[in-house]
Amino acid sequence: MIFKLSTAKFRFFALEMAHKSGFVNIIGSPNVGKSTLMNQLVGERMSIISPKAQTTRHRIFGIVNEPDYQIVFSDTPGVVNASYKLHQSMMDSVNTALKDADIILLVTDLWEDSLNHKETLERIQKTAIPTIVLINKLDKGDDERLKERTEHWHKLLPEADILPISALHGFHTDFIIPKLVSMIPEGPPYFPKDELTDRPLRFFISEIIREKIFFAYEKEIPYSCQVEIEEYKESKRLDKIRAIIYVDRDSQKGILIGHQGKMLKKIGTEARLDAEEMLQKKVHLELFVKVKKDWRNDDRSLKNFGY
Ligand code: GDP
Ligand code: MG
């Protein structure tokens, strides 16, 4: 009897100590709140967010570390029907995210009818990977709408857990991580435990600049821009950064720079302030605009930009 008791104790101890780790991939249509959610979960401003669709072009990892688990979130570009080669490469990263996940977080909102990208929905319906449907933007709707949406998604994905949330206001989001921890397998961490993301500093600086462009311009300008960090000189008190904004066409260059360079200056100042906050030191940021004709359809440019 005593022997048994101590075995039970030992097993309990072992269970408690076992480390868990897993990849949790955030998927959904553009603009439903995927990046907002990841930032809320990871607790840092990891992924750029804007009110325009397709701000997130790459897959971005955000890592949550605790002594007994590590969750690696992937924020993906919204699922779109490819019309540019850039879209094709954005969809490739979504498709990879559908395959290598331990858990899929499918984000939708109270208005999206179904996933506007049929193929992705079909894949999720067929996959054996556990899926959680998060109905976001709960702050903007009423109970009736939520009830109707919940039933709708339950019909589409009967196996999935469904949770209404507000990523922006952090409503119900604290249920997500404990739920995920209960679902991920035991295993060692995939990344060193002090890392929050796999992306280098340069990447975040270029994302900050891109975010400012998204907020500053209407229509096609943001989608035609690519930011490249040409030079990054790090020192203890001050980082010197030179970035180039590439646009598609000559006409866009003038618009981006603005009358007497005012627009570019505004973007530069805003981006510098954010960068200083992120790096916790002074930043000297220089911005240049160059034309790279039709870069979104050019394989070599896409490759250079890391797509
Ligand atoms: P993504 O394209 O799916 O990554 O969407 P984003 O995270 O970039 O968010 C798109 C827009 O939706 C932004 O303007 C967010 O502030 C907004 N948003 C995200 N979550 C919520 C939410 O819970 N409530 C409301 N009202 N807006 C939200
Ligand atoms: Mg996004």
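Preceding this section is the structure that the text describes.
Predicted model, so just to flag it, every value in this text is computed and none were measured.

Our focus in this paragraph is the site of ligand 1. The environment of ligand 1 is made up of 18 residues, and the closest members are Asn31, Lys34, Thr36, Asp139 and Ser166. Interatomic distance of 3.2 Å between a backbone N/O atom of Val32 and an oxygen atom of ligand 1. Here a nitrogen atom of ligand 1 and a side-chain polar atom of Asp139 are 2.7 Å apart. Contact with the protein chains removes 89% of the 580 Å² of surface that ligand 1 exposes when unbound. Each residue belonging to the shell around ligand 1 can be placed in one class, and the counts come to six nonpolar, eight polar and four charged.

Pairing is mixed across the open sheet formed by three strands, whose spatial order is S7-S8-S9. Each of the sheet's edge strands pairs with one partner strand only, and the pair in question is strand S7 (226-233) and strand S9 (282-291). The average angle at which neighbouring strand axes cross in this sheet is 20°, direction not considered. Sheet analysis places S7 next to strand S8 (residues 238-247), joined by seven bridges and oriented antiparallel. Directly across from Val227, in S8, lies its bridge partner Ile245. Here helix H7 (residues 201-216) sits on the sheet in contact with S7, S8 and S9, set at roughly 135° to S7.

For the rest of this paragraph, the subject is the sheet that holds strand S1 (residues 20-28). Within the open sheet, the six strands sit side by side as S2-S3-S1-S4-S5-S6. Their pairing is mixed. Each end of this open sheet is capped by a strand with a single partner; those strands are strand S2 (60-66) and strand S6 (161-164). Neighbour to neighbour, the strand axes of the sheet diverge by 20° on average, direction disregarded. Against the sheet, helix H5 (residues 143-156) touches strand S4 (103-109), strand S5 (131-136) and S6, its axis set at about 155° to S5.

Looking now at the pairing of strand S3 (residues 69-75). Judged by how many residues are buried, S3 sits mostly within the fold: seven of seven residues are covered. Both faces of S3 are covered, namely the face carrying Tyr69, Ile71, Phe73 and Asp75 and the face carrying Gln70, Val72 and Ser74. Summarising the sheet, S1 and S3 pair through seven bridges and their orientation is parallel. From the neighbouring strand, Asn25 faces S3, where its bridge partner is Ser74. Bridging between S2 and S3 involves seven bridges; their strand directions are antiparallel. Note that in S3 the partner of Phe61 across the bridge is Ser74. The turn joining S2 and S3, which pair antiparallel and follow one another in sequence, is formed by two residues.

Right, let's talk about the packing of aromatic side chains for a bit. Under the definition given, this model contains three aromatic pairs. With 4.6 Å between their ring centres and 55° between their planes, Phe23 and Tyr190 make a pair best called tilted. You can see Phe23 sitting in strand S1 and its partner Tyr190 sitting in the loop between helix H6 (176-183) and H7, a full 167 residues away along the chain. Aromatic pair Phe203 and Phe204: ring centres 5.6 Å apart, planes at 75°, arrangement edge-to-face.

Next up on the list: the nonpolar core. The nonpolar side chains of a soluble globular protein tend to be buried, and buried together. With 27 residues, the main nonpolar core has Leu37, Ile71, Phe73, Leu105, Leu134, Ile176 and Leu180 as its most contacted residues. Secondary-structure elements contributing two or more residues to this core are S1, helix H2 (34-42), S2, S3, S4, S5, H6 and H7. Aside from chain neighbours lying at most four places away, what touches Leu105 is Val24, Asn25, Ile26, Ile27, Leu37, Leu41, Phe73, Ile132, Leu134, Ile176 and Leu180. The next biggest cluster of nonpolar side chains, apart from the first, holds 24 residues, and it includes Ile205, Ile245, Leu256 and Ala275.

A few words on the environment of Gln252. Looking at the secondary structure, you find Gln252 in helix H9 (residues 250-257). Using a relative accessible area of 1% as the deciding quantity, one classes Gln252 as buried. Distance in space between the C-alpha atoms of Gln252 and Glu220 is 9.2 Å, their sequence separation being 32 residues. If we ignore the near neighbours within four places in the chain, the residues touching Gln252 are Glu220, Ile221, Ser224 and Val247.

A few words now on the side chain of Lys20. Counting through the fold element by element, Lys20 comes out in strand S1. The side chain of Lys20 is buried and forms no salt bridge, while Glu186, the nearest opposite charge, is found at 6.6 Å. Apart from residues no more than four positions distant in its own chain, Lys20 is found in contact with Asp68, Tyr69, Gln70, Val181, Ser182, Met183, Ile184, Pro185, Glu186 and Gly187.

What counts and how
All residue numbers refer to positions counted from 1 along the written sequence of the respective chain. Chains carry letters and ligands carry numbers; both start at the beginning, A for chains and 1 for ligands, and go up in the order they are written. Per-residue local features of the predicted model are confined to residues with pLDDT of at least 70, and side-chain atom pairs are confined, for both listing and counting, to 80 or more; whole-chain, interface and lining totals are unaffected and use all residues. Values reported for side chains reflect all heavy atoms of the structure, with hydrogen atoms and water molecules removed beforehand. We call a residue near a given molecule or strand whenever any one of its heavy atoms falls within 4 Å of it. Any N or O atom pair separated by 3.5 Å or less is treated as a polar contact, with the protein-specific requirement of one donor-capable and one acceptor-capable atom, and with residues adjacent in sequence counted only for side-chain atom pairs. Computed by Shrake-Rupley with a 1.4 Å probe, the accessible areas treat only the displayed protein chains as cover when residues are assessed. In the scheme used here, Gly and all other residues not listed as nonpolar or charged are polar, with Ala, Val, Leu, Ile, Met, Phe, Trp, Tyr, Cys and Pro taken as nonpolar and Asp, Glu, Lys and Arg as charged. Strand pairing follows a simple DSSP-based rule, namely that at least 2 bridges must link the two strands. Labels follow the DSSP assignment, with helices taken as runs of H or I lasting at least four residues and strands as runs of E lasting at least two, numbered in each case from the N terminus. What counts as an axis is a line fitted to C-alpha atoms, over the stretch in contact for a helix, and the angles between N-to-C directions run from 0 to 180 degrees. Residues are treated as being in contact if the distance between any of their heavy atoms lies within 4.5 Å. Think of it in three bands: with a 1.4 Å probe and only protein chains considered, a residue is buried below 20% of the maximum accessible area for its type, exposed above 50%, and partly exposed in between. Ring pairs shown here join Phe, Tyr and Trp side chains whose ring centres sit within 6.5 Å, with only the six-membered ring taken for Trp; geometry is labelled stacked below 30 degrees between planes, edge-to-face above 60, and tilted in between. The nonpolar core is taken to be a set of buried Ala, Val, Leu, Ile, Met, Phe, Trp, Tyr and Cys residues, with the residues joined through side-chain atoms within 4.5 Å. When charges are counted, Lys and Arg contribute as positive and Asp and Glu as negative, whereas His and the chain ends are disregarded. For salt bridges, the criterion is a side-chain nitrogen of Lys or Arg within 4 Å of an Asp or Glu carboxyl oxygen.

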